[in-house]
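In case you want the letters, here they are:
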Amino acid sequence: MNQPYKISSFLLPFLKKHIVIVVLLIMIVICSVISTLLPSYALKFLIDSIVNSQGTSDNIILNSCLFFGSYFLVALFTMLQNYMIDIYGQKLIHELRYQMIEKSHRMTYAYFTHHGTGEMTSRIIDDVQAVETLFASGLISFVVSFFKIIGILISVFVFSWPLGLILMAVIPVIYFLTKFFRKRMLNYQMKNRKQLNALTNDISETSQNMQVIQLLGKEQYQEEKYQQILKALNQTKQKTALFDSIYSPIVDSIKAIFIGSVTLLVSYASETTSVISLGITVGTFAAALDLISNIFVPIINLGQEMETMQEGISGLKRVEVFMSEKEITSKDNSILAKEVLKKEELIRVENLSFHYDDSEEDVIKDVSFSLKKKDKVTLIGRTGAGKTTLFRLLTGILEPTTGDIFIGDYKANRIPEQQKKYLFGYVEQGFSAIPGTVLDQITLHDKSISIEQVEKVMDRVFLNDYVLTEVKGGYQAEFRMDLFSRGQLQLLSLARALVFDPEILLLDEISANLDAKTEGEIIAILSDPTMDKTIISISHRLSDQLNFNKILEVNHKGVTLHCKENQ
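Since the model is a prediction, treat every value here as computed from it, not as a measurement.

**Overview of the overall build of the protein**
For step 1, the next point in the chain: Scanning the protein from N- to C-terminus turns up 19 helices and 12 strands.
For step 2, the next point in the chain: Taking as baseline every contact in the protein between residues at least 6 positions apart, the subset at least 24 positions apart corresponds to 78%.
For step 3, the next point in the chain: For the protein, the accessible area works out to roughly 29,100 Å², and carbon and sulfur atoms hold 58% of it.

Next comes the structure, spelled out in structure tokens:
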């Protein structure tokens, strides 16, 4: 059972690895917070120098330069802060996405059969982006805004403690207002994230199945389904936008009322033209008003950053769920294919039972049998009885719920993937293309396979001359499905399985819907005396013509498996 994944297991090593960037970012954040206070202090000295100088220009010019210089520092450190946040965020995105891709390689086959093709894309793209927003711009900006508020509050107390007390009375109002909005924003952000993932998944699946949709006339059904998702997404987005749109105006109104009230109060109590109420100078009062006005900016930002962080938290939770998914059994890299093949009893299944994670009903139940090298086996049983599932269990793609499968003396799910290509050649009904050339369809981008090996295996499946003479560009041509007939694609799939000369061939309904010519070619390939392999085929018709010597019958009554010699 996998331990629940916590984002801290990623963040702590990440911070240690990028400690220089983290330290620089902290220093720049500190400078950015301090710099935002400087203009108000410079304003105080400037106004007081104007009021008290009686025409002397030296101090006025100096203080004017300090005033403009303070804004230059604000702009400089804001720029540096944004740049460092961007650098930090990009590195976080890159490394977290890389870990998620690595995780996907360790996840069980069952995950991919029970989740839409767009879901993992949404997790790695959208949710990681939300996590970056949370820990980079969201959290860091939140900290900056928080310390700006503290700095401004302290400065106002330094200028005038009565004004500081008045200001402190307003901050809780803004805080509880923000808390009110935050709870509702999180709820709708989570719903919005879920609908976005549903939209991504639907678009991906529709694109992949467009041909089937058009052939079956299901365009209207897909449109209605798409409209329902868009409607749900729009509703959650409107709720989020509603709270977002009314939050800032409310804070701005409080700001205007507060500043206006303080100004009227001080003006009403004014005692002199140079020294006004509360024992402060005109410059100090102007600086205090500037600080009070500025404190609302980080407070507003604080609310917006909380919203951003809520969105990030929803993405973070989804990333943690993804990273906590069940993983396949770790492989034993010391196992070599040549060692596996030493034993005459090639396959041994002991008390095997299997059910998928979303069901408690066994697809295969308490099955035991063994096969020797060079056995030619027919696997029969009605549709849904578990024949293809058994294939996937034999190759280790699926793992037994209970019981064991041994290839030679080694458990199937412990054999490394790089060794399995010498053990199993799996041919499915139909052909699954990959991006790349015709050559890549056979090699699957494996650089260890030479062009000579490819031509040899393609000659064996009667396709080498066709590719060299009929396909423009030959093996280097960009692959398209229309370059080959359906039968030729099945032969291409067989070539892909044979290129590593594996000991075991698993043929999953490969004769279904084949023309007579292609079926004859496949029979010729498999009946060749040099084809001295262990073959397990889900095709009773094909097996009869090849005189397979064993039958494995999958009986869904109690989900049991029987092995008997072919008569």
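**With respect to the nonpolar core**
For step 1, the next point in the chain: Formed by 39 residues in total, the largest nonpolar core has its most connected members in Val-438, Met-458, Val-461, Phe-484 and Leu-492.
For step 2, the next point in the chain: Where this core is concerned, the elements lending two or more residues are α14 (438–443), α15 (451–460), α17 (486–498), β9 (504–508) and α18 (516–527).
For step 3, the next point in the chain: The element contributing the most residues to this core is α17, with 7 residues.
For step 4, the next point in the chain: Of all hydrophobic cores here, the second largest spans 35 residues; its members include Leu-394, Leu-398, Ile-405 and Ile-407.

**Description of the environment of Ile-85**
For step 1, the next point in the chain: Position of Ile-85 among the secondary structure elements: in helix α4 (residues 58–106).
For step 2, the next point in the chain: When the C-alpha positions of Ile-85 and Ile-21 are compared, they lie 9.4 Å apart, and in sequence the two are 64 residues distant.
For step 3, the next point in the chain: Among residues more than four places away in sequence, those in contact with Ile-85 are Leu-25, Ala-136, Ser-137, Ile-140 and Ser-141.

**Observations regarding the packing of aromatic side chains**
For step 1, the next point in the chain: Inspection of the entire model under this criterion finds 12 aromatic pairs.
For step 2, the next point in the chain: Ring geometry for Tyr-422 and Phe-500: centres 5.4 Å apart, planes at 85°, overall edge-to-face. In this pair, Tyr-422 is assigned in the loop between α13 (417–420) and β8 (424–427) and Phe-500 in the loop between α17 and β9, connecting sequence segments 78 residues apart.
For step 3, the next point in the chain: Ring-pair connections join several aromatic residues into one group, and the members of that group are Phe-431, Tyr-466, Phe-479 and Phe-484.
For step 4, the next point in the chain: Positioned above the aromatic ring of Phe-406, the side-chain terminus of Arg-348 is 4.3 Å from the ring centre.

**Considerations on the side chain of Glu-521**
For step 1, the next point in the chain: Considering the arrangement of structural elements, one finds Glu-521 in helix α18.
For step 2, the next point in the chain: At 2.8 Å, the side chain of Glu-521 and the side chain of Lys-517 are in polar contact.
For step 3, the next point in the chain: When sequence neighbours within four positions are dropped, the list of residues in contact with Glu-521 reads Phe-462 and Leu-491.

**Considerations on the side chain of Lys-387**
For step 1, the next point in the chain: Tracing the chain through its elements places Lys-387 in helix α12 (residues 387–394).
For step 2, the next point in the chain: Residue class for Lys-387 comes out buried when judged on its relative accessible area of 10%.
For step 3, the next point in the chain: Setting aside residues no more than four positions away along its own chain, Lys-387 makes contact with Leu-379, Ile-380, Gly-381, Arg-382, Ile-538 and Val-554.

**Concerning α12**
For step 1, the next point in the chain: Most of α12 sits inside the fold, with 7 of its 8 residues counted as buried.
For step 2, the next point in the chain: All buried positions along α12 are accounted for by Lys-387, Thr-389, Leu-390, Phe-391, Arg-392, Leu-393 and Leu-394.
For step 3, the next point in the chain: Phi turns positive one or two residues past the end of α12, at Gly-396, with a value near 85°.

**Side note on unusual backbone geometry**
For step 1, the next point in the chain: With phi around 65°, His-445 is a residue other than glycine that occupies positive phi space.
For step 2, the next point in the chain: Here His-445 is to be found in the loop between α14 and α15.
For step 3, the next point in the chain: One non-glycine residue, Phe-462, adopts positive backbone phi at about 65°.
For step 4, the next point in the chain: Turning to its location among the elements, Phe-462 is positioned in the loop between α15 and α16 (464–470).
For step 5, the next point in the chain: Overall, Phe-462 belongs to the partly exposed group, its relative accessible area being 43%.

**Some remarks on the pattern of salt bridges**
For step 1, the next point in the chain: Within this structure, the stated rule accounts for 18 salt bridges.
For step 2, the next point in the chain: A salt bridge links Arg-123 to Asp-127; the shortest N-O distance between them is 3.8 Å. A residue pair is termed a helical-turn pair when its members lie 3 or 4 positions apart in one helix, as Arg-123 and Asp-127 do in helix α6 (residues 117–159) at 4 residues.
For step 3, the next point in the chain: Asp-446 is the partner of Lys-421 in a salt bridge, and the nearest nitrogen-oxygen pair spans 2.9 Å. A residue pair is termed long-range when its members are at least 10 positions apart, and Lys-421 in the loop between α13 and β8 and Asp-446 in the loop between α14 and α15 qualify at 25 residues.

**Things to note about the sheet that holds strand β3 (residues 345–354)**
Within a sheet, adjacent strands bond to each other through the backbone by hydrogen bonds, running parallel or antiparallel.
For step 1, the next point in the chain: Strand order in this open sheet of 4 strands is β4-β3-β6-β7, and the pairing throughout is antiparallel. Single-partner strands in this sheet number two, and they are β4 (364–372) and β7 (410–411).
For step 2, the next point in the chain: The pairing of β3 with β4 spans 6 bridges and is antiparallel. Note that in β4 the partner of Ile-347 across the bridge is Leu-371.
For step 3, the next point in the chain: Contacting β3, β4 and β6 (402–407), α12 crosses the sheet at an angle of about 120° to β3.

**Thoughts on the packing of α17 against α18**
For step 1, the next point in the chain: Taken N-terminus to C-terminus, the directions of α17 and α18 make an angle of 20°; their axes are 9 Å apart at the nearest point. Classed by the angle they form, the pair α17 and α18 counts as roughly parallel. In the packing of α17 onto α18, the handedness of the crossing is right-handed. Contact residues: Gly-487, Gln-490, Leu-491, Leu-494 and Leu-498 in α17; Thr-518, Glu-521, Ile-522 and Ile-525 in α18.

**Let's talk about the environment of Phe-391**
For step 1, the next point in the chain: One can find Phe-391 in helix α12.
For step 2, the next point in the chain: When its relative accessible area of 0% is taken as the criterion, Phe-391 is described as buried.
For step 3, the next point in the chain: Taking the C-alpha atoms as reference points, Phe-391 and Tyr-426, 35 residues apart in sequence, are found 8.6 Å from one another.
For step 4, the next point in the chain: Discounting residues that sit within four places of it in the chain, Phe-391 has contacts with Leu-379, Tyr-426, Leu-506, Leu-507, Asp-508, Ile-536, Ser-537 and Ile-538.

Analysis parameters
- Per chain, residue numbering runs from 1 following the sequence as it is written.
- This being a predicted model, a pLDDT of at least 70 is required before a residue's local features are given, and a value of 80 or more before pairs of side-chain atoms are given or counted; all residues contribute to the totals for chains, interfaces and linings.
- Only hydrogens and water are removed before side-chain values are computed, so all heavy atoms of the structure are retained for them.
- Secondary structure is summarised from DSSP: a helix means a run of H or I of at least four residues, a strand means a run of E of at least two, and numbering begins at the N terminus for each.
- Residue contacts follow a heavy-atom distance rule, with two residues in contact if any of their heavy atoms lie within 4.5 Å.
- Surface accessibility in these figures is a Shrake-Rupley result with a 1.4 Å probe; residues are shielded only by whichever protein chains are displayed.
- We call a set of buried Ala, Val, Leu, Ile, Met, Phe, Trp, Tyr and Cys residues a nonpolar core when their side-chain atoms join them within 4.5 Å.
- Burial classes: relative accessible area under 20% of the type maximum marks a residue as buried, over 50% as exposed, and values in between as partly exposed (1.4 Å probe, protein chains only).
- Each Phe, Tyr or Trp ring (for Trp, its six-membered ring) is paired with any other whose centre lies within 6.5 Å, and the angle between the two planes then decides the class: stacked below 30 degrees, edge-to-face above 60, tilted in between.
- Lysine and arginine charges are scored as sitting over a ring when NZ or CZ, respectively, is within 6 Å of the ring centre and within 35 degrees of the ring normal.
- Counting of polar contacts relies on pairs of N or O atoms within 3.5 Å, with two restrictions inside protein: one atom must be capable of donating a hydrogen and the other of accepting it, and residues adjacent in sequence are counted only when both atoms are side-chain atoms.
- The salt bridge definition used is simple: a Lys or Arg side-chain nitrogen within 4 Å of an Asp or Glu carboxyl oxygen.
- Pairing between strands requires that DSSP locate at least two bridges from one strand to the other.
- All axes are obtained by fitting lines to C-alpha atoms, using only the stretch in contact for helices, and the reported angles, taken between N-to-C directions, cover 0 to 180 degrees.
- Reported orientations rely on four angle classes, namely roughly parallel under 35 degrees, roughly antiparallel over 145, roughly perpendicular from 65 to 115, and oblique for the rest.
- Helix crossings fall into two classes, left-handed where the near helix is turned counterclockwise from the far one by less than a right angle and right-handed where it is turned clockwise.

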